[in-house]
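Observations on chain architecture
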Amino acid sequence: IDYKSANIHKMLAKKPFDYDKIKGKLFIRNRKNGDKIRLCSRSFTSSVKKLFYENVPLENRDKTVILCDDDGIVWIEGFGCAERVKIDDNTKNILICKIS
């Protein structure tokens, strides 16, 4: 798949990731102390605590969905996917996360 020119709806294309890079099973959980993520297109790793403090109201922090695999966080609702699961030229299967 040529992900740069794929005909994917603009809203959906904001949070896709490479399904084949998932390690083990996917599961959903809340934030935990010490959580870290290197978000796609960022050159640094951030603590989830800092991301939430700067961007998520206090009353929503424990409601924000975090999708993980056996290696850690792969996606955070409202922030996107981890660098390690981003789509690239070798991507064959895309998973798009949407919370309704």
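1. Examining the nonpolar core
Residues F17, I37, F52, W75 and I76 are the most contacted members of the largest nonpolar core, which totals 21 residues. Those elements that place two or more of their residues in this core are α1 (48–55), β5 (66–69) and β6 (72–76). Of the residues forming this core, the biggest block, 4 residues, is contributed by β6. Beyond its immediate sequence surroundings of up to four residues, I37 is in contact with F44, T45, S46, V48, L51, I73, I76, C81 and A82.

2. Considering the pattern of salt bridges
Counted by the stated rule, this structure contains 5 salt bridges. Close ionic contact of R84 with D69 constitutes a salt bridge, the shortest N to O distance being 2.7 Å. Of this pair, R84 sits in the loop between β7 (80–81) and β8 (94–96) while D69 sits in strand β5; the two residues are 15 residues apart in sequence, bridging distant segments of the chain. Since its relative accessible area comes to 32%, R84 is described here as partly exposed. A salt bridge links E83 to K86; the nearest nitrogen and oxygen atoms lie 2.9 Å apart.

3. Details of the environment of V48
Secondary-structure assignment places V48 in helix α1. As for V48 and R38, which are separated by 10 residues in sequence, their C-alpha atoms are 9.7 Å apart. Setting aside its immediate chain neighbours within four residues, V48 contacts R31, D35, K36, I37, I66, I73 and I76.

What counts as what
Residues numbered from 1 in each chain as written. Predicted model: local features only at pLDDT ≥ 70, side-chain atom pairs only at ≥ 80, totals over all residues. Heavy atoms only, no water. Core = buried A, V, L, I, M, F, W, Y, C linked by side-chain atoms within 4.5 Å. Buried < 20%, exposed > 50% of the residue type's maximum accessible area, 1.4 Å probe, protein only. Helix = DSSP H or I, 4+ residues; strand = E, 2+ residues; numbered from the N terminus. Contact = heavy atoms within 4.5 Å. Salt bridge = Lys/Arg side-chain N within 4 Å of Asp/Glu carboxyl O.

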